[in-house]
Structure formats: C-alpha cells, structure tokens
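Structure at a glance
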Amino acid sequence: MTRYILGRFAQALVVLWAAYTVTFAVLYLLPSDPVALQLGAAGIETDKLTPEQLNTAMAQYGLDRPVLNQYFSHLWGFLHGDFGDSISKQQPVADLIGDRLGPTVALSITAATLSLVAGMALAYLASYMRWRPARLFLTRLPSFGASFPQFFIALLLIQLLSFNLGWLPATGVKGWKSLVMPSITISLLTASMLAQVLMRSFDDTLRQPYIVTARAKGLSRAAVQWRHGFRNALLPALTILGVLVGLTVTSAIVVETVFSRNGLGKLAQEAVLAQDVPVVLAIVSLAAAVFVFVNLVVDLLYPLLDPRIVQGRRKVASS
Amino acid sequence: MTAGTSQLTSPPTSPLVSPLVTIRDLHVGYVRRRRTAPAVRGVDLSIGSGEIVALVGESGSGKSTIANTIIGLLPDNARVTAGSVLLHTGPDPEDADGPALDDRLDLDGHGRRTVEIVGAREKVLRGLRGRVVGLVPQDPMVGLNPTRRIGGQVAEAIRLRGVSGDDLDAEVLEFLAQAGVDNPQLRARQYPHELSGGLRQRVLIGIALAGRPRLIIADEPTSALDVTVQRRILDHLEGLVRESGISLLIITHDLAVAADRGDRVVVLQDGEIVEQGPPGDILVSPAQDYTRRLIAAAPGLAHGGQIVPRFQLPPEQVATPDPVIRLENVSKRYPLPGRQAGSFLALDGVSVEVARGRTHALVGESGSGKTTMLRIAFGFEQATDGRVSLDGVDITGLGWKQTRLLRRKVQLVHQNPYASLDPRFTVGQSITEPLVSFRIGDRRTRTARALELLDQVALPGSYLDRLPAELSGGQRQRVAIARALALSPELVLLDEPVSALDVSVQEQILELLTDLQERLGLSYLFVSHDLAVVARISHTVSVLNRGRQVESGSVAAVFGSPSSEYTRELIDAVPGQRGATRQAGSRDDDVREVART
C-alpha cells in the first residue's frame, strides 16, 4: 500500500515537472524573438533602442542569460514559491495570482460540485427510470447539454435571468448570487460529460452476471442498483474526474470573461493578450498542479473503492 | 418437431411427490427488431418437492429461458406469450411477518399457497426470489460483486428474511460452512478476487441457500471449473439438497452431468421437450434421435461410462526417433507478483514430444502448467531451463524474430472461438491473414486458398464474406482451424479447442480434427482438462499436476491402468459414469452403433 501511494506521488511530481517544462519550452522557444516579445510586453519597443539600451533592458529582466540558465533559475524560483515579476504589470506574479485566486476557486469548486451532483443524479435517474420515453429523454439529455458553446449559454442565462427577470447580477464577484450563472454555465458541459460516461458504465455494470446474482437474492431494484451497480459503475467514471475538474478551471477563462469576473481566468486572458510570459507560465503551471492534484486524489481513492487495485489482479488461469 | 410429440412427452406426474413447480404449455419469445422469435414453445414440466430435475439441451434450446421464467428474471425483451407457471409454496409459519408473499396468493384447497408467476408483479416475484427459488449462476468468476466482501454478499440474502445483528453474522458463517467453504471467518472478510473459482462457486451456493429456498436452480453450475472441483461441488450440492429436501433444477448442456445428477432428465430441443424420464430409461432406450445423438456425443456416456481410447498404440511405438517438436526437461520459473520475494515454479523438468502425424495430449487442471508448456512450445515464453527443438533444430533461447520462419510450421487454435476471431474481419480476411503476413501469393491465389481451406473444414465457400457474428460457435471454431491451416503447418497446438462448445458440436470438431490429421498428416499438441475428449483424439498423453509430469505414455496405457493416484482421481471425475452404470450392458453396443451413424 505505501508503495502504491509513494508511486502515485512520484508520478504526480514528474507530471508536474513535465507540464512546467513543456510550457516553458513552448513560451520561450517557439515565438520568433522572445526578447522582443517580452520587452514589448513591458512597453519597450526594441526597434527604437540602441544596442546598449537593449542590453540593459534585457539584463533587467534576466533575458540576457542562456535559455537553459533561465529555465533552471525559473524552476528554482518556482520550487521556492517565487514566480518572478509580471512584465506588463510590474508586480510580483505571486501577488497577482493571490489577488485573483479567490473568485476562481469559489467558482471552480461550486461548478465541480454542481456537475458531480447533477451528472450522477442524471445518470442514476436514467438507469432507474423504467418508463421508456422518459428514459430515452434522460439518456439523450447529456449530448444535448454538451453541444452548446459556453459563451452562448452564458449570454442566454444573462439575457433570461438578469435582464428579463432581474433575479441575478449579470457581472461581478459579489455574493453567492454572482456565482450561480457562471457555475451553471461551466457545469452544464462537465455534468453532461460525466453523465454520459456514467450512463454507459451503468449500462455495462447492470449487465454483469453479479447483478443477476444480486437480483436472485430477492433484493429490490433500488438495492441492486445502489449497492451492486453504483459503486462498480463509478470506477470507470472516476478516471475522467480529473479531466472534468481541469475543465472547470479552463472554462473559467471564457466564463470569467463573459461575466466580467476578476478571477484567474480573466488574468490568464489578459496575460496571454499582453504576452506576459511569467504570468502565463505561472497560471499554466498552477492549472497543471490542480489537474495533477485531482488525479492524485482519484488515484488514492481508487483502492478504497476497488479492492482489486492494490493487491493487483491475480490472473486466473483460463484452462 | 411435430405436434404429435407433445402427447408423447406430457409430464409423467408422480403420485409420490407433490409438485413444487407446475409449468403448463409455456411459450416464451424474445423480441428483436419488432419480431418475436420463439425460444420456448409449449413446455409442460413439473418439479416435485425434493426432486432433482436435470434440463439438458444445446445452446438455444430454451433451457435457460425456462429457468429464468421460474425465477422471474427474464430479460426485458422476453415475452411470455402463453401458458402458466405455478409455484406451490407451502404455508410457512415463519412467513407470517415476512415481507411480500401476501400478494395474489390463493389457497388451492389443500392448505397450500399457489402463486402464478406469469404476469405477476415485480413485487411478488421479488418476494419469491431467494426465499422460494434460489439461483446458483453459471460462471463463479463473474457471479460475485468484485467490490464487496464475501460476508456482506451472503448477509444480504439472509437479511431479507428479517434476521439482523449477531444472528446475522452467525448465519453468514453457518451458510458458508454449509456450502463447504473452509475457514468461513476468514473468507467472510475477503473479497471475491482473493478466492479460487471453486470457492467462489461454493460462496454462490451459500448465497442460494441463505434465503432458505424450496427450489434451487443451478445454471451450468460448474462448467467453468476443473473436473475434480466440478465433481466435488456437484457432490456437495446434491448432498445438501437431498438432506434438506430442497428441489434442484440443474441446467446443463452435458447429458453426462444430467444423467449423473438428475432423478429425472428432461431433454430440450428448439424450445420443446423432446423426451423426459429417469436417467436409466433415457440412456437405455432413448425414444428420440436427438437424444441418441446427445448420448453418442457425450464421451462419458457413449461407452457405458468407460473412457475408451480411440487409438490403441503398441507400447514399443510410443517413443519416436524423429518427433516434430521435442521439449526436454523444461522448467519455467515466474517471479511472484508484487513485492513478494522468491519465485513460483510453473513447470518442473517436464519432457514432452509430439510424433509426426500423431496427437499428444497435455492433461491437467488449472495451475498444472499445461498452458505454460503450450506457450513455450509456441515460443511465446522462454523456458527457464531445458531444451526445445523443432523439426530437429534446436531453438532453445532463440528470439521470436530468429525463429519466425520456422514458426510457420507451428500454428495455434485457441480455446474460445468467440474471442479469437476479429469481429470486424470477414471469414475470408481471417483465414488469409497468415498468408498476407508472410507475403504469400496475391489476392487471387489467397482467395483460392481460402476456399480450399473452407472446404477442408467443411464450410461452404459462400461463408468467405460472412462476419464471425453470423456464425455459430462450432462454425467459428472451424474458421479458426482453417486459419491455423493456412500456412500448411506441420504441428498445430490446440488449446482446449472444444471446451467452449456444446457437447454435440464438440464431437463434430473432434471428428474434423482427426479427419484433417489423416488427410494432411498433421501433428497435434492437444491441451485439455477433459479426459474423455483426450481419449477421443490423442495417441499419447502426459498428465501434469502442479508443474510436474505425473505420468505419460499411450492413452490406452495411462487411462487403462493409471499408475498415479492423481490420474485415477481425474478419471473418476469424468461425468457420466454414475448415469451410465444405470444403463443395461446389453444396450451398450446399440448405443455405440448410433454413435457411428
């Protein structure tokens, strides 16, 4: 068991490091001239500078060092919680992120919870429902929900709930009311995805022979589905949980822009537009960390739900 | 079947036993694409209290449909179109405060409660399941919920009787012990994957018993298990049922099992009862051709319970100077899974050779190492120790690439034809794939070869464009054999090639293999756990037990006068011997006569 946990931790660290490295490589090596890009972000136009002025500017932002050197010093900084300074805003990146973290975390957690509850409820209902038309309707619902673009849903909600009915504020981060529409917008997609996977896995599970055994005991339909179906059906869906939570973070970029929420998503959007490399690097690494963390939690939850994981599936000879 | 037979087969109502289940003119169909395909057509059947009834038939004969109707577990697309299934449940004082049975119950004048199952509401059926009718499902490997402890799964069935608290725990252990589970305290805390197949089947029997039913339906209860385990479990189940007066309905495709276990054997074909009666009568004077065919096909029954080898090989011919493949003193060691130190010796100095044009069989139970031996012969695995020579060339330690050309001489037929054919490949594509892989011929010659191969395995050429889903199990296995023959190999490795098939189909495939051997001069290395099947196809045999070779020699010598206790145990476990002893000896020749036709 300890070996399993340590292994998962090591894996998580490697993934995190790889995410950071790839982001760094993409940001520093792909654009034609990273120096011009970054100095441009700081409002310095490289064309108008003399070579001496250029060198001073580069030294100021640490851009005169070799790329590998920059990579390691950045990595070292990251490991110590020093994310460097924003070029366009002339502020430490850590402070910037700290200011904007709150609204996004609130949104992300609300949206993730909402999609978990809604997705599981929908899938469970669809498998419990026996009246065929209703069942058909419920099973079609997720693909319907997943097929609308988020900005469209957001605008629709604003039009209806804020402008027509006036129930909820259209923008801002004040109070729980401001959370409702953004989290609905995000969770509509993630809940649909979760429900789709769960429904398929439910169908598979309920076709398993042990379900017949359970029914033959004389258990009620609800007991069979809940005790024997649900937990086993959850296992395949757990794997996409990491992806879904990651998705709520990335969705924040669109949703925070539409709802004018001053969160990390909006910061990311601004940083990309301003080509503020340290900020983008920090946000991408943070998103990767969230993703890795959720997957780590899922991996650690797995053995609790499926006793076969840790001991390793003992292969049963077929002959 | 003609209408006339229904009179012939009306159920013999025994005045001695009161019926527990009475099925009258039952018709069940499955709805597919808005059409109802009949599966059970006018079945009359009764099961008496304490009686053991064996329902025999091939796949698609409707035997499982009847069982599912009785326990109310028909799939959603099944429709009972006519008939009635009455369940007579005695008045049970313990039931007074129990749940569910109060609905739609009538007293039929004899102080007995009778429930009509056809058309009954789910609530009524649920009350009957477990507490009146218990089920022992087919495959113990998948019959238990993998994520719940054994104890909890047994407890569920007991709790439905209103038992709780300490009594519940005590009863869990009691039923596990009753089902023959060793160390119940430990087992109750374990998960299914920690138990062997035989133990899992015992747990399932314990679950069926836990509801204290009056009838237990056992659906092919042991076909997934080793023969000796199979025998022990069936013995145990039979003993339990006899002791407690529970009725037992055994569903099986194997007439030998049915004859061994049933007080009454009911033979089904295409959803109709062809014949029924005590096993002695059925085996001695089968009234129907179909029954005769089933008897002929059951290796244990065809010769009056004796295993009669097909080939008699003189002892001096057992050794051969020039075998196709020779595995000498082969050992195989696997590291133990996980962090455990040490290793596991799967094979311990086993020597096997296959003579040209003959069949050598590897016999043993799960874990005996027979499959490992086959994998080493095929080159999937390297032996830890020992030498392998193919066609006189020493190939020990050579990699797959180096021996690839040589491997054209060796081909493999898998156990399960349902899994070994790519469902998206047509029959033609499957058969010609080895040719394509070795770049032999062009499209035209390959097609010609495929047609030739189909002809050899007795399938029409029109099957070239069919998909596996359109074929029956036997036809699929024929395709798999044709594919193995595509490269004209000298040696074909047969890994339990008939164990996934119906008994009568098994017979046809074995016949085909023997026929191909004669015509093409093939050599076979045949892996099986079924001694009766081995006797029908093999010249020589090695018996393996836990990685060691127990004995080897000609089939006639090994099976005729086994020198080891283990071989004797295997031979005794072959089903059909008890049923066959009820046969009169004089009928024996007639039965064999039928077998030839």
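Residues numbered from 1 in each chain as written. Chains lettered and ligands numbered in written order. Predicted model: local features only at pLDDT ≥ 70, side-chain atom pairs only at ≥ 80, totals over all residues. Heavy atoms only, no water.

With respect to the sheet that holds strand E17 (residues 410–413) of chain B
Residue and element names in this part refer to chain B. Judged by pairing direction, the sheet is mixed, and its six strands sit side by side in the order E17-E18-E19-E14-E20-E21 without closing on themselves. Looking at the sheet topology across the chains shown, the edges are occupied by E17 and strand E21 (548–554). Put simply, the sheet's adjacent strands are angled 15° from each other on average, direction ignored. For strand E14 (residues 359–363) and strand E20 (residues 540–545), the ladder comprises four bridges, and the chain directions are parallel. Considered in E20, the bridge of Val363 is made with Val543. Contacting E17 and strand E18 (491–495), helix H18 (residues 473–485) runs over the sheet at an angle of about 170° to E17. Of the strands in this sheet, E14, E18 and strand E19 (523–528) touch helix H19 (residues 503–520), which is tilted by about 155° from E19. (Pairing = 2+ DSSP bridges. Helix = DSSP H or I, 4+ residues; strand = E, 2+ residues; numbered from the N terminus. Axes fitted to C-alpha atoms, helices over the stretch in contact; angles between N-to-C directions. Contact = heavy atoms within 4.5 Å.)

Structural notes on the interface of chain B and chain A
With 36 residues of chain B in contact, the opposing surface of chain A contributes 27 residues. Both faces considered, chain B and chain A share a buried interface measuring about 2,900 Å² in area, 55% of it formed by carbon and sulfur atoms. A per-residue breakdown of the area chain B buries against chain A is headed by Thr147, Glu156 and His193 of chain B, which together make up 21% of the total. Between chain B and chain A we count two salt bridges in total. The residue Glu156 of chain B makes a salt bridge to Arg227 of chain A at a minimum N-O spacing of 3.0 Å. Our count for the chain B to chain A interface comes out at eleven residue pairs in polar contact (both at pLDDT 80 or more). (Buried area = accessible area lost by both parts, 1.4 Å probe. Salt bridge = Lys/Arg side-chain N within 4 Å of Asp/Glu carboxyl O. Polar contact = N/O pair within 3.5 Å; in protein donor to acceptor, adjacent residues only side chain to side chain.)

Describing the packing of aromatic side chains
Residue and element names in this part refer to chain A. By the definition in use, this model includes 14 aromatic pairs over all chains. Residues Tyr20 and Tyr71 carry aromatic rings whose centres are separated by 6.0 Å and whose planes lie at 35° to one another, so their mutual orientation is tilted. With Tyr20 in helix H1 (residues 2–29) and Tyr71 in helix H4 (residues 67–79), the pair connects residues that are 51 residues apart, well separated along the chain. Note on accessibility: Tyr20 and Tyr71 belong to one class, buried. Residues Phe202 and Phe230 carry aromatic rings whose centres are separated by 5.7 Å and whose planes lie at 40° to one another, so their mutual orientation is tilted. A residue pair is termed long-range when its members are at least 10 positions apart, and Phe202 in helix H8 (residues 177–206) and Phe230 in helix H10 (residues 221–258) qualify at 28 residues. Considered together, Phe202 and Phe230 belong to a single accessibility category, that of buried residues. Three or more aromatic residues joined by ring pairs make a cluster, and in this case those are Tyr20, Phe24, Tyr71, Phe72 and Phe78. Cation over ring: Arg221 sits above Tyr128, and NZ or CZ is 5.5 Å from the ring centre. (Phe/Tyr/Trp six-rings, centres within 6.5 Å; stacked < 30°, edge-to-face > 60°. Buried < 20%, exposed > 50% of the residue type's maximum accessible area, 1.4 Å probe, protein only. Lys NZ or Arg CZ within 6 Å of the ring centre and 35° of its normal.)

With respect to the UniProt feature "transmembrane region" (unreviewed entry) in chain A
Residues and elements named next belong to chain A. In this numbering, the UniProt entry assigns the feature "transmembrane region" (unreviewed entry) to residues 12–30, 105–126, 147–167, 179–199, 234–259 and 279–305. Overall, residues 147–167 shows 71% helix and 0% strand. The separation of its end C-alpha atoms is 26 Å. The straight-line gap between the two end C-alpha atoms of residues 234–259 is 33 Å; of that span, 96% is helix and 0% is strand. (UniProt positions renumbered as here; feature names shortened; annotations may be inferred.)

Overview of the pairing of E19 of chain B
All names here are of chain B. With six of its six residues buried, E19 lies for the most part within the structure. Residue alternation in E19 divides its side chains into two sets, Ser523, Leu525 and Val527 and Tyr524, Phe526 and Ser528, and both sets are buried. Inspection of the sheet shows E18 paired to E19 by five bridges, in the parallel sense. Opposite Val492, over in E19, you have Tyr524 as the bridge partner.

A look at the side chain of Arg483 of chain B
By the element assignment, Arg483 of chain B lies in helix H18. Filtering out sequence-adjacent residues up to four positions away, Arg483 of chain B remains in contact with Ser420, Leu421, Ser430, Ile431 and Pro434 of chain B.

A short note on the pattern of salt bridges
A complete count under the given rule lists 31 salt bridges over all chains for this structure. With a closest N to O distance of 2.8 Å, Glu156 of chain B and Lys217 of chain A form a salt bridge. Pair noted here: Glu156 of chain B is in helix H4 (residues 150–159) and Lys217 of chain A is in the loop between helix H9 (209–216) and H10, and the two residues belong to different chains. Grouping residues by exposure puts Glu156 of chain B and Lys217 of chain A together as buried. The salt bridge partner of Glu507 of chain B is Arg536 of chain B, with a shortest N-O separation of 2.2 Å. With a gap of 29 residues between them, Glu507 of chain B in helix H19 and Arg536 of chain B in helix H20 (residues 531–537) connect regions that are remote in the sequence. The same class applies to Glu507 of chain B as to Arg536 of chain B, namely buried. Taken together, the shared-partner salt bridges in this structure form one network comprising Asp235, Glu238, Arg242, Arg261 and Asp263 of chain B.

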